[in-house]
Amino acid sequence: MIVADCHDKTVSDELFETVAQMRSTRSRATKKTGTVHLFAGLVYCSNCQMAMNKTGAKGHEYLVCKTYFYAGEEHCTRKRSINFRVLEDIVLTVIQAQIGLVADLQSMIEEINERPEISKQSLRINQLLEDCQREFEKETHLLDVSYRDWKNGDISKEQYQRIREETEKKLEQMRATLQTLAAEQLKAAKGIQANNEYFERFLKYQNVEALDRFMLVELISRIYIDEDKSVKVEFNFSDQYLLIMDFVQENMLEQDKPLKLTLERK
Ligand SMILES: [Zn+2]
């Protein structure tokens, strides 16, 4: 990019500043630690998946695809370059929106967990498991009894075989029920609490009005810039986010179902 301006007899102020800025950025990045720019290592070109570099004069900084920056137009284009300040505004808005969503999810979890049927859910499952186990033992005992009856000559071999077939069918069904109930019990025990660390991670930034490096690194895994300058933000802890969404959707009341649409993952 410097080469293009070499035909000029005087180096423009802007170019001079650009070079100075590049030098200072380079020295800052190598000599000192922790003085990297706000988005360092977080912003990627959606076309070639390479990181984007900060460049430009002070006050007019922008991020440009590294491939384009070093290898030129034939490898990737300049189209995804984005003004630094513009990106700051967009990312701040996206983070604020995400925090708003997380706050909504937290109050939904609180509401869900306050419902008596939720707190009683695991008790109910435990009761069903006990009942089913008792029934299973009873049927097994009956099978033993009918075997003895056949051996004692109280019932015929055919009668015993019919009882055995029927009982084994029942036992098979009960085994399946026991398995399902055990899985439900596990799920109920793993229910999401409103003090889940996921909420804490986001909600401590609830009133944030400016970006800072620590917050970005903690909350965001990657930011992608598209050709039309649209910005896609991928947040950290997405596994926990999905778990919470699943829990909310599973426990949503019928009249709240339309909310599901607004809770789609970004
Ligand atoms: Zn690229």
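Please read these numbers as outputs of a predicted model, since none were measured by experiment. (Residues numbered from 1 in each chain as written. Predicted model: local features only at pLDDT ≥ 70, side-chain atom pairs only at ≥ 80, totals over all residues.)

### Concerning unusual backbone geometry
And step 1. The phi angle at glutamine 49 is positive, at roughly 70°, despite the residue not being glycine.
And step 2. By the element assignment, glutamine 49 lies in the loop between strand 1 (43-45) and strand 2 (52-55).
And step 3. Residue classification places glutamine 49 among the exposed positions, given that 12 C-beta atoms sit within 10 Å.
And step 4. Despite not being glycine, phenylalanine 237 has its phi angle at roughly 60°, a positive value. (Helix = DSSP H or I, 4+ residues; strand = E, 2+ residues; numbered from the N terminus. Buried ≥ 20, exposed ≤ 12 C-beta atoms within 10 Å, placed from the backbone.)

### Let's talk about the pairing of strand 6 (residues 231-235)
And step 1. Summarising the sheet, strand 5 (residues 220-225) and strand 6 pair through 5 bridges and their orientation is antiparallel. Each bridged residue has a counterpart across the sheet, and for isoleucine 220 the counterpart in strand 6 is phenylalanine 235.
And step 2. The antiparallel pairing of strand 5 with strand 6 creates a hairpin that spans 5 residues between the two strands, and lysine 229 there sits at a positive phi of about 70°. (Pairing = 2+ DSSP bridges.)

### Regarding the sheet that holds strand 1
And step 1. Spatially, 3 strands are ordered 1-5-6 in an open sheet, and the strand pairing comes out mixed. Edge positions in the open sheet fall to strand 1 and strand 6, since each of these has one partner strand only. Neighbour-to-neighbour, the strand axes of this sheet turn through a mean angle of 25°, independent of strand direction.
And step 2. Across the sheet, helix 3 (residues 84-114) lies against strand 5 and strand 6, angled at about 45° from strand 6, the strand it touches most. (Axes fitted to C-alpha atoms, helices over the stretch in contact; angles between N-to-C directions. Contact = placed C-beta atoms within 7 Å.)

### Considering the sheet that holds strand 2
And step 1. Spatial strand order, 2-3-4: 3 strands in an open sheet with antiparallel pairing. The open sheet has two free edges, formed respectively by strand 2 and strand 4 (82-83), since each of these has just one partner strand.
And step 2. In the sheet, strand 3 (residues 62-65) pairs with strand 4 via 2 bridges, with the strands oriented antiparallel. Paired with tyrosine 62 across the strands is asparagine 83, a residue of strand 4.

### Digging into helix 3
And step 1. Its 31 residues place the ends of helix 3 45 Å apart at the C-alpha level, agreeing with the 45 Å of an ideal helix rising 1.5 Å per residue.
And step 2. Among the residues of helix 3, those classed as buried are Leu87, Val91, Ile95, Val102, Leu105, Gln106, Met108, Ile109 and Ile112. (Expected span 1.5 Å × (residues − 1).)

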